[in-house]
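Residues per chain, in single letters:
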Amino acid sequence: MFLMLLPMDKRIEFMQIAIDLSYKGMLNNDGGPFGCVIIKDGIEVGRGWNKVTSTNDPTAHAEIIAIRDACKNLQTHQLEGCEIYTSCEPCPMCLGAIYWARPSKVYYANTRLDAAAIGFDDSLIYNELTLSLPERKLSMELLFHPDAPKVFEAWKKKDDKIKY
């Protein structure tokens, strides 16, 4: 797949949009100072800013909202050929969502260390991910149920499934 590399001035322009969204959301008290825009072939296809506190949704991060917006607008569940411009290095949750969305490239303006310096410290999560399940602060336990594997078996046999 060929990725159209945008000129630096266009990339700076798109990053400015992400930064403006972060500022707008912060001023509106929607959530933290984070914004994101998604571009495909030089055209904006999705945007978002942090809305965690205004929606009481801990997953309402700028990147998640922008991914949902772009997928809705493009009518697809993946963002191949898209570039993500985000005002800050993505947190672990957003990074996971970005990998699932499969864009071609991510640009970010502030680092996770910059975010930590203003009270958005994701180091606990980054550190937890390197630990084995018994070592983590959040207790997780396998609770077997005989019906759970049956659903997975049905998925394996499903002829009309859409793989992703």
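Preceding this paragraph is the structure being described.
Residues numbered from 1 in each chain as written. Predicted model: local features only at pLDDT ≥ 70, side-chain atom pairs only at ≥ 80, totals over all residues. Heavy atoms only, no water.

Axis separation between helix H3 (residues 62-74) and helix H4 (residues 92-101) bottoms out at 9 Å; the angle between their running directions is 25 degrees. By the criterion of interaxial angle, the relationship of H3 to H4 is roughly parallel. Crossing of H3 over H4 shows left-handed handedness. Contact residues: Glu63, Ile64 and Ile67 in H3; Met93, Cys94, Ala97, Ile98 and Ala101 in H4. Considering only residue class, the contact of H3 with H4 consists of seven nonpolar, no polar and one charged. (Axes fitted to C-alpha atoms, helices over the stretch in contact; angles between N-to-C directions. Helix = DSSP H or I, 4+ residues; strand = E, 2+ residues; numbered from the N terminus. Parallel < 35°, antiparallel > 145°, perpendicular 65-115°, else oblique. Left-handed = near helix turned anticlockwise from the far one by under 90°. Contact = heavy atoms within 4.5 Å. Nonpolar A, V, L, I, M, F, W, Y, C, P; charged D, E, K, R; others polar.)

Looking at the largest pocket, its volume works out to about 220 Å³. Along the wall of the largest pocket there are 16 residues; nearest its centre are Phe34, Asn50, His61, Cys91 and Phe120. Of all the secondary-structure elements, those providing two or more residues to the lining of the largest pocket are helix H2 (52-55) and H3. Looking at the lining of the largest pocket, its residues break down into nine nonpolar, four polar and three charged. (1 Å grid on protein atoms, 1.4 Å probe; cavity = no way out; pocket = protein on both sides within 12 Å on 5 of 7 lines; lining within 4 Å. Points joined across faces, edges and corners; volume = space filled by probe spheres on them.)

Right, let's get into the sheet that holds strand S2 (residues 43-49). Ordered in space as S2-S1-S3-S4, the four strands form an open sheet in which the pairing is mixed. Since the sheet does not close on itself, it has two edges, and those belong to S2 and strand S4 (105-110), each with one partner. Across the sheet, the mean angle from the axis of one strand to that of its neighbour is 15 degrees, orientation sign disregarded. Note: strand S1 (residues 35-40) against strand S3 (residues 82-88), five bridges, orientation antiparallel. Note that in S3 the partner of valine 37 across the bridge is tyrosine 85. (Pairing = 2+ DSSP bridges.)

A word on the packing of aromatic side chains. Per the stated rule, a full pass over the model turns up four aromatic pairs. Ring geometry for phenylalanine 14 against tyrosine 85: centres 5.5 Å apart, planes inclined by 55 degrees, an arrangement best described as tilted. Linking phenylalanine 14 in helix H1 (residues 8-27) with tyrosine 85 in strand S3, this pair joins segments that are 71 residues apart in sequence. Side by side, phenylalanine 14 and tyrosine 85 carry an identical accessibility label, which is buried. Across the ring face of tryptophan 49, the terminal group of lysine 51 is positioned such that the distance to the ring centre comes to 4.5 Å. We note arginine 112 situated over the ring of tyrosine 126; from NZ or CZ to the ring centre the distance is 3.9 Å. (Phe/Tyr/Trp six-rings, centres within 6.5 Å; stacked < 30°, edge-to-face > 60°. Buried < 20%, exposed > 50% of the residue type's maximum accessible area, 1.4 Å probe, protein only. Lys NZ or Arg CZ within 6 Å of the ring centre and 35° of its normal.)

This part covers the pattern of salt bridges. What the rule picks out here adds up to six salt bridges. Salt-bridge contacts for arginine 112 lead to glutamate 89; the nearest nitrogen and oxygen are separated by 3.5 Å. Placement of arginine 112 in helix H5 (residues 112-117) and of glutamate 89 in the loop between S3 and H4 is noted, with a sequence separation of 23 residues between them. The salt bridge involving aspartate 147 is made with lysine 150; its shortest N-O contact spans 3.2 Å. Residue classification places lysine 150 among the exposed positions, given a relative accessible area of 53%. (Salt bridge = Lys/Arg side-chain N within 4 Å of Asp/Glu carboxyl O.)

Another aspect to go through is a nonpolar patch on the surface. A surface patch of nonpolar side chains, about 310 Å² in accessible area, is lined by Tyr23, Met26 and Leu27. You can see leucine 27 is positioned in helix H1. (Patch = residues over 30% accessible without salt bridge, like charges linked within 9 Å, V, L, I, M, F, W, Y side chains within 5 Å. Areas by Shrake-Rupley, 256 points an atom, 1.4 Å probe, with all protein chains shown as cover.)

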